[in-house]
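# Overview (structure and organization)
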Amino acid sequence: MKVLVTGGAGYIGSHTVVLLIEAGYEVLVFDNFCNSSRESIRRVEKIVNQEITVIEGDIRNRDDLRNVFEKYAISTVIHFAGLKAVGESVEKPLKYYDTNVNGSAVLFEVMAEHNCKSIIFSSSATVYGDPHTTPILENFPLFVTNPYGRSKLMVEEILRDIYVSDNEWKIVLLRYFNPVGAHESGTIGENPNGIPNNLMPFIAQTAVGKREILSVFGDDYDTKDGTGVRDYIHVVDLSRGHVQALERISSFRDPMTINLGTGTGYSVLEMIKAFEKVSEKKVPYKIVPRRAGDIATCFADPSYAKKVLDWEATKTIDEMCKDSWHWQSKNPNGY
Ligand code: NAD
Ligand code: WQD
C-alpha cells in the first residue's frame, strides 16, 4: 500500500516515515523543504536501511501534486505539510492561509481527481483555545485565537464538508498536544530555524550552550507551581498514533477526530528539572512576564484514542528529555 506523506522531511513527518516503513508501508515523501532539509531523509534512510522516494514539490501547486498522483497509485495521504509558527502567523496571516488552507484544499482536490479519498490530517490542540476545564475531550468547544489555529480549524471543517458531499472519503483528524523528543538513534529530531518558539528546543539549546538563559513565561498562573502546564508527548509515540490510524482508517465510517496526548500535564519548571536530571546539565532560567496568548493549562483526555486506535502514549517525561538531549548534543547545529 502506497502512502503519500506530505511534509515528510519535517520533524513529525520524518519520525512517522521511519515507523511506516518499519510497519511495511511503501512511503513517498512530498515536501518543498521550506522548513526542512534532504538531510533528514538521508538519515531516515540510514535508520530504515532503504532508499526513500522523495518528491520535491509544493502542496499549493496542482501540477506538482498531479504528477505524483499520475505516477503512483496512492491509497492514503498523511498530511503534515504546513507552517506552524503561531507568532509568525499573526504577523503574516496570508502566508499561513495560503499554505495551510489553500495548500490543503489543492491537495484534497487533486486527491479527489485521482480517486484517492483517504486522509490523515495534522490538527492541533490549539483548536481548543483556553479550555473551560481539563483534561480536554474531543467534543469540547472549539475556539481559536490566531491565524495558525484558525487555519487548522478551517482545514478540519473543509474535510468535514468534503465528507458531507461525498461519504466515500475516509478522514482522520489528529489533534496533537505538545510533541517533543526525538528518535532514539539521536540522528533525527526537531530542528527549528533561528530562536526556538517552543519550550523543549529552547531548553535543549540552553543546556548545550547555544542559548544563555531560558525565559520562563510567567510564574503566576493558577497551576501547581505557577508556570504553564502542557501535555508533552514523545514524537515517536505521536508517530505511532499515525500508524495505528492508517491501519484502521478504511474501517472508519464517519470522519474521526482524535486527541493524541498522554493525559498528563507537566509545568515548565518540571520540564526544566527533568531535563537537567537526564542531561546532567544546568539549564539557567529567569522568570519573565507571561507570553501573550498563552494559557495556564492544557492536557488531553486520550481515552478516545485508546478506544478507537488502540493507541496510548508509553514514553515518560524522562525518555522525552533524554531523547531530546541525545539529538541536541549529537547535533548542536541541527542537520
Ligand atoms: P515541520 O515544519 O518540521 O514540518 C512541516 C513540513 O512541511 C516541513 O518539512 C516543510 O518543509 C513542509 N512544508 C511546508 N509548507 C509546504 C508546502 N507548501 N508544500 C510542501 N511542503 C511544505 O513541522 P512539524 O512539527 O513536523 O509539524 C507537522 C504538522 O503537524 C504541521 O502541519 C503542524 O502544523 C502540525 N502540528 C505540529 C505541532 C508541533 O508542535 N510540532 C503541534 C500540532 C500540530
Ligand atoms: C509550552 C510552555 C510557555 C517557551 C505551541 C503552539 C501549539 C502547538 C504546540 C502547533 C508554555 C512555556 C515556552 C519559552 C516558556 N503547535 N515557554 N519559555 O504554547 O503550548 O503550544 O506549540 O500546533 O499550537 O501554540 O508550546 O512549547 O511554546 O510552550 O516558558 O521559551 O512553555 O509559556 O507554558 P504551546 P510551547
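Above this note sits the structure.
### A short note on helix 5 (residues 93-113)
With 21 residues, helix 5 extends 29 Å from end C-alpha to end C-alpha; this agrees with the ideal 30 Å at 1.5 Å per step. The principal kink in helix 5, of about 25°, is found at Asn-102. Where helix 5 is concerned, the buried positions are Tyr-96, Thr-99, Asn-100, Val-101, Gly-103, Ser-104, Val-106, Leu-107, Phe-108, Val-110 and Met-111. Positive phi shows up at Asn-115, right after helix 5, with a value of about 60°.

### Considering helix 3 (residues 62-71)
Among the residues of helix 3, Leu-65, Val-68 and Phe-69 are the ones counted as buried. For helix 3, the angular spread of buried residues about the axis comes to 95°, placing them on one side. The exposed residues of helix 3 that point more than 90 degrees off its buried face are Glu-70 and Lys-71. The distance from a side-chain oxygen at the start of helix 3 to the backbone nitrogen of Asp-63 is 2.9 Å, and the residue carrying that oxygen is Asn-61.

### Description of the packing of helix 5 against helix 6 (residues 147-165)
At a minimum axis distance of 9 Å, the contact between helix 5 and helix 6 shows a crossing angle of 20°. Classified by the angle between their axes, helix 5 and helix 6 sit roughly parallel to one another. When the axes of helix 5 and helix 6 are compared, the crossing they make is right-handed. Facing Pro-93, Tyr-96, Tyr-97, Asn-100, Val-101, Ser-104 and Phe-108 of helix 5, the residues of helix 6 in contact are Pro-147, Tyr-148, Arg-150, Ser-151, Met-154, Val-155, Ile-158, Leu-159 and Ile-162. Here the residues of the contact of helix 5 with helix 6 sort into 12 nonpolar, three polar and one charged.

### A few points about the site of ligand 2
Surrounding ligand 2, one finds 18 residues, the nearest of these being Tyr-148, Ser-215, Arg-230, Arg-291 and Asp-294. One of the side-chain nitrogen or oxygen atoms of Asn-178 is found 3.0 Å away from an oxygen atom of ligand 2. One of the backbone N or O atoms of Ser-215 is found 2.7 Å from a nitrogen atom in ligand 2. In isolation ligand 2 offers 690 Å² of accessible surface; the protein chains occlude 87% of this area. Residue contributions to the shell around ligand 2 peak at four residues, all from strand 8 (residues 214-217). Broken down by class, the residue content of the shell around ligand 2 amounts to eight nonpolar, seven polar and three charged.

### Re the pairing of strand 1 (residues 2-6)
Counting buried residues along strand 1, four of its five residues qualify, which places the element largely inside the surrounding structure. You can see the chain leave strand 1, run along helix 1 (residues 11-22) and come back into strand 2 (residues 26-31), and the turn it takes is right-handed. Sheet topology places strand 1 next to strand 4 (residues 76-79); four bridges connect them, and they run parallel. When the sheet's bridge partners are listed, Leu-4 is paired in strand 4 with Val-77.

Definitions and cut-offs
Residues numbered from 1 in each chain as written. Chains lettered and ligands numbered in written order. Predicted model: local features only at pLDDT ≥ 70, side-chain atom pairs only at ≥ 80, totals over all residues. Heavy atoms only, no water. Helix = DSSP H or I, 4+ residues; strand = E, 2+ residues; numbered from the N terminus. Expected span 1.5 Å × (residues − 1). Bend = angle between axes of the 7 residues up to and from the residue. Buried < 20%, exposed > 50% of the residue type's maximum accessible area, 1.4 Å probe, protein only. Arc of directions from axis to C-beta. Polar contact = N/O pair within 3.5 Å; in protein donor to acceptor, adjacent residues only side chain to side chain. Axes fitted to C-alpha atoms, helices over the stretch in contact; angles between N-to-C directions. Parallel < 35°, antiparallel > 145°, perpendicular 65-115°, else oblique. Left-handed = near helix turned anticlockwise from the far one by under 90°. Contact = heavy atoms within 4.5 Å. Nonpolar A, V, L, I, M, F, W, Y, C, P; charged D, E, K, R; others polar. Near = heavy atom within 4 Å. Areas by Shrake-Rupley, 256 points an atom, 1.4 Å probe, with all protein chains shown as cover. Right-handed = clockwise from strand over helix to strand, strands pointing away. Pairing = 2+ DSSP bridges.

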